[in-house]
Amino acid sequence: MEAVLAAGGWGLLAGSALLVGALVGYLVRVPVGVVAGVMAFGSGVLLSAVSFELIAEAHRSAGLLPTALGAVTGAVLYTGANVLLARRGARHRKRSGSQQPSEAEQSGSGTALALGALLDGIPESVVIGASLLGGGTVSAVTVVAVFISNVPEGLSSASGMRRAGRSRGYVFGLWTAITLASGGAAMLGYGVLGAAPAAVLATITALAGGAILTMIADTMIPEAFESARLWTGLITVAGFLTAFALTQFEG
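The rules we used
- Residues numbered from 1 in each chain as written.
- Predicted model: local features only at pLDDT ≥ 70, side-chain atom pairs only at ≥ 80, totals over all residues.
- Heavy atoms only, no water.
- Phe/Tyr/Trp six-rings, centres within 6.5 Å; stacked < 30°, edge-to-face > 60°.
- Helix = DSSP H or I, 4+ residues; strand = E, 2+ residues; numbered from the N terminus.
- Buried < 20%, exposed > 50% of the residue type's maximum accessible area, 1.4 Å probe, protein only.
- Lys NZ or Arg CZ within 6 Å of the ring centre and 35° of its normal.
- UniProt positions renumbered as here; feature names shortened; annotations may be inferred.
- Patch = residues over 30% accessible without salt bridge, like charges linked within 9 Å, V, L, I, M, F, W, Y side chains within 5 Å.
- Areas by Shrake-Rupley, 256 points an atom, 1.4 Å probe, with all protein chains shown as cover.
- Salt bridge = Lys/Arg side-chain N within 4 Å of Asp/Glu carboxyl O.
- Polar contact = N/O pair within 3.5 Å; in protein donor to acceptor, adjacent residues only side chain to side chain.
- Contact = heavy atoms within 4.5 Å.
- 1 Å grid on protein atoms, 1.4 Å probe; cavity = no way out; pocket = protein on both sides within 12 Å on 5 of 7 lines; lining within 4 Å.
- Points joined across faces, edges and corners; volume = space filled by probe spheres on them.
- Nonpolar A, V, L, I, M, F, W, Y, C, P; charged D, E, K, R; others polar.

### A closer look at the packing of aromatic side chains
Evaluated as defined, the whole model comprises three aromatic pairs. Judged by centre distance (5.4 Å) and plane angle (65 degrees), the ring pair of Tyr26 and Phe172 falls under edge-to-face. Here Phe172 lies in helix 6 (residues 168–193) and Tyr26 lies in helix 1 (residues 2–27), a separation of 146 residues in the sequence. Like Tyr26, the residue Phe172 is buried in the burial classification. A cation sits over an aromatic face here: Arg166 above Tyr170, 5.5 Å from the ring centre.

Written out as structure tokens, the structure reads:
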């Protein structure tokens, strides 16, 4: 039970960055270019974490086929859910500009935004919980990568929600709920996968990796490119190398 609570604590810590970002994004008028740059950096960090902490680890544990099947399955599941939510108003949930619809413009878009935020955060948190299964200690790189990437996600999304006329109670209530859900998902990742065979655990890890990679391409990179076109690649590489350096220190 103590290990399950520890997993929840790490997931809560990483998820709390969403709330921090949302507070800044809603209360402070951060220039759109700055939001885009921070989003590009967070994208690079997550890309590195997916590559070296998730996909590479799954391949070491179970080989190429389970890893590929898991990653493709994660991508398909995320894409399918994302398509459904996009049709209900959550297509631009991470955009900081005026792309997000208001409730008056599209009824039910508030619920879709909430579900979309949950969809984006759950795979990351499950992986944090599952990372405790290997040697009893959490992957510091995974936690740091998720934390760093969550700040711009919350910041950009909350900025867009404010522009769409969402109330302060809605925005902060949403991100508080997602933060708590992140802790719960990490506990679930540890508790449910604790007895799973290594091959199954590797496949689930790859599945989460595929979902996260799809999320980056569908929601984070577009926001970064929108206002930081000339610098997006350079900033993304900086984020990627930052997270890669962390893997070397951890090793």
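Structure shown, so let's carry the discussion forward.
### Here's the deal with the UniProt feature "transmembrane region" (unreviewed entry) in the chain
In the numbering adopted here, UniProt assigns the feature "transmembrane region" (unreviewed entry) to residues 32–52, 64–85, 169–190, 196–216 and 228–249. Helix makes up 100% of residues 32–52 and strand 0%, whereas the separation of the span's terminal C-alpha atoms amounts to 30 Å. Between the end C-alpha atoms of residues 169–190 there is a gap of 32 Å, over a span that is 100% helix and 0% strand.

### A short note on a nonpolar patch on the surface
Taken together, the side chains of Val20, Leu23, Val24, Leu27 and Val28 make up a nonpolar region of the molecular surface, amounting to roughly 380 Å² of accessible area. As for its position among the elements, Val20 is in helix 1.

### Points about the side chain of Asn150
Mapping Asn150 onto the fold places it in helix 5 (residues 140–163). Residue classification places Asn150 among the buried residues on the basis of a relative accessible area of 3%. A polar contact of 2.9 Å, which involves the side chain of Asn150, links it to the backbone oxygen of Ala14. Ignoring sequence-local partners within four residues, the contact set of Asn150 consists of Ala14, Gly15, Ala17, Leu18 and Glu124.

### A look at the pattern of salt bridges
Summed over all chains, the structure comprises one salt bridge. Between Glu57 and Arg60 there is a salt bridge whose closest N-O contact spans 2.6 Å. Here the residue Glu57 and the residue Arg60 both occupy positions in helix 2 (residues 32–62), the gap between them amounting to three residues, near one helical turn. The class of Arg60 is exposed, set by a relative accessible area of 58%.

### Some remarks on the layout of surface pockets
If you add up the space inside the second largest pocket, you get close to 200 Å³. Forming the boundary of the second largest pocket are Gly74, Leu77, Tyr78, Ala81, Leu119, Ile122, Pro123, Val126, Ile204, Leu207, Ala208 and Ala211. At the level of elements, helix 3 (64–90), helix 4 (109–135) and helix 7 (198–227) are the ones that each hand at least two residues to the lining of the second largest pocket. For the lining of the second largest pocket, the residue count by class is 11 nonpolar, one polar and no charged.

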